[in-house]
Amino acid sequence: MNVLGIESSCDECAAAVVEDGIWVRSNVVATQIPFHAVYKGVVPEIASRKHTEWIYAVVQEALSQAGLEPPDLDGLAVTAQPGLLGSLLVGLSFAKAFAWAKNIPFIAVDHMLAHLYASQLVDPSVTVRAAPVAYPFLGLLVSGGHSIICRVDDFDSLTVLGTTIDDAVGEAFDKVSNHYGFGYPGGAVIDKLAQTGDPLAFSFPLPKLYKGEHRYDLSYSGLKTAVINQLEQFRQKPASQIRAEDIAASFQKTAVDILLRSLFRAVEDTGLTTTVAGGGVAANSYLRRLLGERQDLRCIFPSPELCGDNGAMIAGLGYRYLIRGERSPLTALACARVKAFKRSYP
Ligand code: KG4
Ligand code: ZN
């Protein structure tokens, strides 16, 4: 069963074809990064305009790389929430029109559930597949807009245990990188710089969040402020003593420590020893290494190219709803934020 997935919730205009919810037949991601880089952040108006310009070609390319025509499709899945409203509406409206015109079963899905699904996707060239993940497990959703530690009971059932009370982790990478002029977007740049830096060169404080309902919560605004304010302090040193690599490595270490401290608390309290990660920050090599070193946990990551926004995760998740006989109406709405997001997502 071939499902086309369309993703346009932020700054990636993406489409992919996934067979049977597993095999990635094509995965086209047209990134808008160069258009937003000059503003050091995603400009919503530019994002939706670029999606409008590109979406037709991106979908055509995904079908062509998969060697399929529209009549070969058994389903069409699209992101409906959460994200930038204008951007979401481009993908959603395109998908509705396409599904209606070609009479293809249509399903609108949630972007964060799709990030969690990404680790189940496999390149068709892979002959041996890891055993599917058994529910329940802990989810670690880390991106530019979200930082969520959750309990996952099924592909469509997730309970938020902890979330950020201010900035998202990816946002902190981006803001620190912007401030220091390392580059945009900051996550991949800091990850690379950090590889030759000393993570203990500078020490930054961890947030004091562990009581009551904050037990698994995260906070990044304090870290961001500390790193940025300490810049002034670094500048008082001779330039030769300030290595961008050390700042990157020290910041990255603290950012990941904040995540893992809450995650490990959740592991202890719930007894769940499998963690599935997703979202752009799940590509972070330091995070992957630290979690990989925990012999007592099974930590599953999507392949690095499927951590960021892509259409394959949308198609894979969509397949699961479609085989259950579910369809979305062509009146389905886009939603920028998920209601009651903080504690009862979705
Ligand atoms: O999931 P994603 O592509 O888009 C959102 O839904 O937000 O995540 C983008 C975020 C950005 O903040 C980017 O800086 C971060 O993921 N990111 C990384 C890495 N690659 C991307 N953060 C840390 N390390 C990386 N290697
Ligand atoms: Zn995302």
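Residues numbered from 1 in each chain as written. Chains lettered and ligands numbered in written order. Predicted model: local features only at pLDDT ≥ 70, side-chain atom pairs only at ≥ 80, totals over all residues. Heavy atoms only, no water.

(A) Representation of the sheet that holds strand 9 (residues 274-278) within the structure. Pairing within the open sheet is mixed, and its five strands lie in the order 8-7-6-9-10. The open sheet is flanked by strand 8 (157-163) and strand 10 (298-300), the only strands paired with a single partner. In this sheet, neighbouring strand axes are inclined to one another by 25° on average, regardless of whether the strands run parallel or antiparallel. Of the pairings in the sheet, the one linking strand 6 (residues 137-142) to strand 7 (residues 147-154) comprises six bridges and is antiparallel in character. Residue pairing in the sheet places Val142 in a bridge with Ser147 of strand 7. Helix 8 (residues 244-270) rests against strand 6, strand 7, strand 8 and strand 9 of the sheet, and its axis sits at about 165° to strand 6. (Pairing = 2+ DSSP bridges. Helix = DSSP H or I, 4+ residues; strand = E, 2+ residues; numbered from the N terminus. Axes fitted to C-alpha atoms, helices over the stretch in contact; angles between N-to-C directions. Contact = heavy atoms within 4.5 Å.)

(B) View of the pattern of salt bridges. Summed over all chains, the structure comprises 15 salt bridges. Asp167 is paired through a salt bridge with Lys224; the nearest N and O atoms lie 2.9 Å apart. Here Asp167 is found in the loop between strand 8 and helix 5 (169-180), whereas its partner Lys224 is found in helix 7 (residues 221-235), with 57 residues between them in sequence. Accessibility assignment for this pair places Asp167 and Lys224 in one class, buried. Note that Lys175 and Glu171 form a salt bridge whose closest N and O atoms lie 2.9 Å from each other. With Lys175 and Glu171 both in helix 5 and four residues apart, the pair spans about one turn of that helix. Look at the salt bridges and you will find they share partners, linking Asp167, Glu171, Lys175 and Lys224 into a network. (Salt bridge = Lys/Arg side-chain N within 4 Å of Asp/Glu carboxyl O. Buried < 20%, exposed > 50% of the residue type's maximum accessible area, 1.4 Å probe, protein only.)

(C) Main features of the coordination of the zinc ion (ligand 2). Protein ligation of the zinc ion (ligand 2) involves His111 (NE2), His115 (NE2) and Asp309 (OD), the donor distances falling in the range 2.0 to 2.1 Å. Classification of the site at the zinc ion (ligand 2) as irregular follows from its four donor atoms and the range of 92 to 147° in their angles at the metal. Along the chain, the residues that donate to the zinc ion (ligand 2) are spaced as H-x3-H-x193-D. A residue pair is termed long-range when its members are at least 10 positions apart, and His115 in helix 4 (residues 111-117) and Asp309 in the loop between strand 10 and helix 10 (311-323) qualify at 194 residues. The pair His115 / Asp309 is uniform in exposure class, with both members buried. (Donors = N, O, S within 2.8 Å, 3.2 Å for Na, K, Ca; no water. Tetrahedral: all angles 85-135°; square planar, octahedral: opposite > 155°, others 65-115°.)

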